Each structure stands twice: as structure tokens, then as C-alpha cells.
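# Tertiary structure, described
Spelled out from the first residue to the last, the chains are:
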There are 2 protein chains.
Amino acid sequence: MTSDQTPAQRLPTLEDVAQVAGVSRATVSRVINNIRNVDPQLHKVVWDAVTATGYVPNRAARSLVTGRTGAIALVVSEAENRAADDPFLGRFFSDPFFGRVVGGVLSVLRPSGVHLALVLAGDEDACAKVVSDVRQGQVDGVVVLSLHPHDPLPQLLADAGVPAVLYGRPAAPMPISYVDVATYQGAKLAADHLVARGCQHVATISGSVDMPAGVDRLNGFREAMAKQGVAYVPSYDGGFTQEGAERAMERLLTEHPEVDGVFVASDVMAQGAMMVLRDHGKSVPDDVAVIGFDDSSAALSSRPPLTTVRQPVEDMAAEMARLLLTRIDSRANRTTSVIFDPDLVQRASA
Amino acid sequence: MTSDQTPAQRLPTLEDVAQVAGVSRATVSRVINNIRNVDPQLHKVVWDAVTATGYVPNRAARSLVTGRTGAIALVVSEAENRAADDPFLGRFFSDPFFGRVVGGVLSVLRPSGVHLALVLAGDEDACAKVVSDVRQGQVDGVVVLSLHPHDPLPQLLADAGVPAVLYGRPAAPMPISYVDVATYQGAKLAADHLVARGCQHVATISGSVDMPAGVDRLNGFREAMAKQGVAYVPSYDGGFTQEGAERAMERLLTEHPEVDGVFVASDVMAQGAMMVLRDHGKSVPDDVAVIGFDDSSAALSSRPPLTTVRQPVEDMAAEMARLLLTRIDSRANRTTSVIFDPDLVQRASA
DNA sequence: GCACAAAGGGAGAGCGCTCTCCGCTCCCGA
DNA sequence: TCGGGAGCGGAGAGCGCTCTCCCTTTGTGC
């Protein structure tokens, strides 16, 4: 065989690099990991040897001795739903939101060389497995997208004292880190905008009221309207689904046909609401102004494009990753929360 | 210390289990891995010890000696785009398609205990890194979503002889495994349906013609229409984006106002096309019948709901994972392709 | 009764890396 | 000139696991 044919046989190890550089394994290791001072000359010699051999550290070996894996998991927890015939992961994975989170997390992870493993926790057992996984050192920590208010995972993680960061405030108070958006502030942006537009009969379509996001968006909006002197705002539960919002909008039109402004607690729901408005011959924004929440891709693809409260998903996800890495690095068990400011993105619907 | 106080200190190892079971490490390992015959009685004793100690194999240690990581990567390759100010991963991650693939892949991986790592290959360097990653044993193989026709990654993978499976036929022929949908057949379903509906003036909005999916959907549709005796089908390039499709539809209406049936090469594009049709006062499906392609979530959320050629994304993704696992297991370097049959999902738009 | 085979279990050598020790060298102050 | 300390490199012990030997036990046929 020519020299080109066998290099794939055995990958270069620290030992090989050491031999080429004429130093010991330990020194090469020190150079690679930038630990302690190594004579600058030797330093260069070693790096040259690394380049020459094409050496890349073996993750498994390193992990074995350090007890760190260099990987974190993105856990999508949807415990407690799942009809038996539900296609594996249901609607969530086909929600653009998921991808945006992944993108944000990866943007932080990539430079630091940490791997991102994707994990689905579909039921309580799976949640327990997630906890044991991280305790057993399969991953160093977890970033969690928890989809249901009664999801047991956050509590399990908090109890286990495992490095974890949630997207969104947990439904019940518990010692666990999270990132969130200032929902009240966002709802206020929407309220102020509708009032400034001159809307006289404002209503809202809320998300599920058993979820923090649902409650906060509703209460925040009501509070802001109250500040504007509007004592009562009719609200209808859209359950965070397009169909739910369509039904809610139908009811709203029936019971309050005079409505001229609606704050809808998510863009997807707003899309449904606008379809119903159109079906009823109402024009948006002239007859009824509509404001969504999230600034998801649905906001742009809807007709008319949606004025919405922007939730900086990518930034928030990136912050989750940063918080987690810090927590893992420090080994200290401190919980932190970071709250992001929302913006009002003004498009055509209001 | 009591026996209860330190268990978290050190995780149980094979050695511990062996001690509890009163056998050697080797035997426990044999039981765990189901390798060779172990006396059924001992077998049980060992399992009891595993349960009692709460033992979970250490991935790193195992990986170190076997040379397998028990992880595969899902690579999203978007080499050669990326404006400098492009938010990390651009639009793709917010496309529901991504999540559906993840779901399909995970459904296969989970039972087999293989981890899924997410990797982004944004440029040629990143592609090279992917190849070296798998050669260096960071992961055992890769599943690839390649977004651009001139993406170098598939060729790199093929050259390196690395275990890999693509979603969709590569733009240029090369020895690499892939799964795909029978596009011609799908286009034929659409053509036959439009003709059966009685459409007299059929046109099509195609995807990018430099992508296999774009070309095949266009040619397949033309061929099928030809079989139906329609020699010429006007076509407009929508570039697989909603905006592109909107422009294409505008042109189509200008140049062929008599059109009464359109095959649009993706649901997202179809959504845009329908909006333009509505803006022009055309009703769907009465004035113009519209058929999409993919059966993505856009098909359901559009008004009216879209009749579309269903691409079984989850199934295809699952098959990718299966092919990859088989390939990794066998260590044989055989390439395979699996082609899925599309269905016509009939909704309201045609 | 013996030779032989087959089968099950144990011992031990690493896999590639980090990290603690230890020892050498060199510089500085007394 | 010499002691002491700081700085830097090397030796070597594992991390937890698999897997190859090898030994023991048991079964089988003549």
C-alpha cells in the first residue's frame, strides 16, 4: 500500500503527536488544553506536530477522565399529552418555533465545541430518563422546551439539582434557571398601540389560561388597557391553536359585533382570527385591527402581514445556552433568570 | 457516613455490579451486551445486581474501547448562501420541514439508544469539519439535509466513504445512500386530478430548476399532462419561496388569464399563489384549482385547505435513520436508495 | 474409564486521555 | 557560592469498559 492508503487505519493519538514533537504526552496535552505555561518554542513545535499528524482529541477518552461529555441536550418535553395514535411528536416539531430555538442554541454552542443532542421526553418515564441521563453523565446539562403546564420535568430537574435552563418561566415557582420575555410589557405595547390607533371596542383572544404565557399575556393586556381607562376587555380562550382561535373569533364577532381591535396571544392564532374576520367581510385593519404575539414566520406569511409583539426567540435561546454553559463550568448550583424586552413590530394588520 | 449518603458521589461501575452479583466484570459485561451464553441463573443474578445498584453503562468508556460513539449527526447543510448579516441559520430552521425530519429520525433512534447530534454546516469549511468529525469518531454516521444544489457536502461524504444518508437524491450522481419520494408519480397524481376535474387551461409554478426536486416536479408534471394529451403547459419559476410564487402567479395571470388549474411545486408556494388569486378576485377552486406538493402544515392552515401531493416526510426521515444504522452496523460500504410513494391528499383547493 | 469437545466464567490488557506528583533547571538574593 | 523557589517537562496511574485469551467444568462417545 502507498502511504496514502493506511492513514485511516489508526487515527493519530496524543502519543503520536508527542513522538513527532519529541515531547511527552503530558506536554502535548497541556498545549492542547492551554493549561499551565509551556515554553513558547515548544508550544509551537507541538502545534506543528498536531497539524502534521492531523491530530484531533478523542472525545470519548477525554470524557472518560474528565467526567465531562462536552455535550448538552435540548429536551423537548411534552409529557402528558399524546393520544395513542398521535404521530410521534405531534404538531410541535412542525412548529417553526422549534427550529428557531435550535438555531439560537447552536449559535452559542458551535464556537465552544459543545455538541447538541436532541431528546424527546414524551412521558413521565422519559422525563425520569432525562434526569438520570444527565446524572449518569450522558450529557453535561439540559436546555428545556416544556410544552405543558403540568409537565413534571422542570420539577424533577430542580430536585435533582441538575444543570438546566428552561425556556419560559416554570408554571410553578421552583429553583431552576430560565429565560423569558417580559410578557406584561409586551401586552402593554399591544394595548397602547390599539388605543393609539383609536380603537374603541377592544377584545382579546387568549392562549391556554393554565400556561404562564397564556395567563400573563391576558392579564398583562387587561392591566395595560385598564391603565388606559378601559375597565373591561372581553376575552375568549383560543388555546394557542389556530382552530381554537377561529372558534374564539366567531364567538367574539357574535357577542361583540362592534369590536374594532383584537389582541391575539399568538401569531398562529391571529392568523386564524384574521381568516374568520375576512370570512365575515371585515377588513383588517380598517374594520378590525389585529395584533399578534411572537413574531413568528406566520406573522409574515399571513394576509395582511401581522403587527405583532416580537419575542426574540433566537436571542433567548442563545442566552439559555450561555447560562447553561456558565452553570456547567462553575459547578455552582445557582439559578438565574434573564428576561428579554419585547418589541412591537408594526406591519399592516394594526 | 451511612450507605445512603454517598451514592451520588460515584456512579456505580461494572466493577460494583460485579461485586454485588458475585461475578467478574467480564460476565456482567456479557450480560449487559447480550454477548455469548451466560448461565440463565447467573443472568438473572446479574440483572438483579444491575437494578439494585442502578447501574448505567458509561458511554465514554464503552465508546473508547469499541470505537463507536452511539451517536449520529443530523447535518443541515446550507453551504454557499449566508449573507454576512444573515441570522445564524436563516429561514430554514423556522421551516416546519426541519422539525418533521427530526421527529422521524428520532422515532427510530430512540428505541436503539442512539443519540442524535445536531450539526450545522454553513460553509465549505464546516462541511469538511463534518467529514473529519465522523472520521475522527465524534459520531458514527450522518443524516444529511442538503439545501442547495451545489452543496459540496454530499460529494465530500461520498469520497470519504463515510456512513451517510441524504434526504433527496443528490444533484449530481454519486455513490451515496438517499431516500426520496417518487416525484414523477406525485406530479402525475396532480396532473391526472386536474384533468379529471375538467380543467382546460392548466399551468404550473415550479421550484428552482437547479434543484432535483424542482426539475423533477416540473418535468414529471409536463410528462403526465402530455400523456393526457396536453402538449404544452406554461410554467413559471417560483424558486420555492412564497414571494417567488406570488410573483410567478401574477405573471401567470397576466399572460394566461384563462388559467383554471395550477400545479404548484410546494405548499408554501401554493399558499402564496392562492393569496394572489384571491387578490385578483378569483375563487379557489371554482375559478382556479390549485394543487400543492409536500403536505406540509401550510397545506392545512391555508384558505382553502390545500389539495396536495403528500410527501411522507416523517416516514422518509425514519427510513434514513434505519438505513444509516444498518450501514453502521454492517460496516459494509453499500449505498442504497429508498423511494417512497406519494399520495394525493384531497382537500378543498382542487 | 478415558479422551475430547464444548461451554461458561475469570484475568488482564489495553482504548486515549488528563492530572497529580515529582524532578530537573534556572534564576535570584544573600 | 550556595540555598531556595519558581517554572516547566516527564512519568505513570488510572477513568470504565470490552474483548481476547485461558482455565475450569461439564457433557459425550467410544
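Residues numbered from 1 in each chain as written. Chains lettered and ligands numbered in written order. Predicted model: local features only at pLDDT ≥ 70, side-chain atom pairs only at ≥ 80, totals over all residues. Heavy atoms only, no water.

### Description of the protein's contact with DNA strand D
The environment of DNA strand D is made up of 28 residues, and the closest members are T27(A), R36(A), L14(B), Y55(B) and R62(B). Counting only the atoms of DNA strand D that lie within 4 Å of the protein, the sugar and phosphate share comes to 55%. The side chain of R30(A) places a nitrogen or oxygen atom 2.8 Å from a base nitrogen of DNA strand D. L14(B) has a polar backbone atom sitting 2.5 Å from a phosphate oxygen of DNA strand D. Listed by contribution, the elements that provide at least two residues to the surface near DNA strand D are α2 (25-33) and α4 (59-66) of chain A together with α2 (25-33) and α4 (59-66) of chain B. If you tally residues by element for the surface near DNA strand D, the top one is α4(B), at 5 residues. By residue class, the composition of the surface near DNA strand D is 13 nonpolar, 8 polar and 7 charged. (Near = heavy atom within 4 Å. Polar contact = N/O pair within 3.5 Å; in protein donor to acceptor, adjacent residues only side chain to side chain. Helix = DSSP H or I, 4+ residues; strand = E, 2+ residues; numbered from the N terminus. Nonpolar A, V, L, I, M, F, W, Y, C, P; charged D, E, K, R; others polar.)

### Section: the sheet that holds strand β7 (residues 235-237) of chain B
Residues and elements named next belong to chain B. Within the open sheet, the 6 strands sit side by side as β7-β6-β8-β9-β10-β12. Their pairing is mixed. Every other strand in the sheet has two partners, leaving β7 and β12 (343-345) as the edge strands with one partner each. Sheet twist, expressed as the average angle between the axes of neighbouring strands with direction ignored, equals 20°. Bridge count between strand β8 (residues 261-264) and strand β9 (residues 289-294): 3 bridges; the pairing is parallel. Residue pairing in the sheet places V262 in a bridge with V290 of β9. Lying on the sheet, helix α11 (residues 267-279) is in contact with β6 (202-206), β8, β9 and β10 (307-310); it crosses β9 at an angle near 160°. (Pairing = 2+ DSSP bridges. Axes fitted to C-alpha atoms, helices over the stretch in contact; angles between N-to-C directions. Contact = heavy atoms within 4.5 Å.)

### Observations concerning the packing of helix α1 (residues 14-21) of chain A against α2(A)
Residues and elements named next belong to chain A. Between α1 and α2, whose axes approach to 8 Å, the crossing angle comes to 100°. Judged by the inter-axis angle, α1 sits roughly perpendicular to α2. Counting all contacts with α1, which are made through L14, E15, V17 and A18, the residues of α2 involved are R25, V28 and S29. Looking at the contact of α1 with α2 residue by residue, the classes come out as 4 nonpolar, 1 polar and 2 charged. (Parallel < 35°, antiparallel > 145°, perpendicular 65-115°, else oblique.)

### A look at the packing of aromatic side chains
Residues and elements named next belong to chain A. Counted by the stated rule, this structure contains 4 aromatic pairs over all chains. One aromatic cluster in this structure is built from F221, F263 and F293. Looking at R217, its charged tip hangs above the ring of F293, at a distance of 3.9 Å from the centre. (Phe/Tyr/Trp six-rings, centres within 6.5 Å; stacked < 30°, edge-to-face > 60°. Lys NZ or Arg CZ within 6 Å of the ring centre and 35° of its normal.)

### Digging into the domain arrangement of chain A
In many analyses, interface size is given as the accessible surface area lost on bringing the parts together. Assigned domains of chain A: these are domain 1 (14-57), domain 2 (71-180 + 314-340) and domain 3 (183-310). A straight line from the C-alpha centre of domain 1 of chain A to that of domain 3 of chain A covers 61 Å. (Domains from an automatic or database assignment.)

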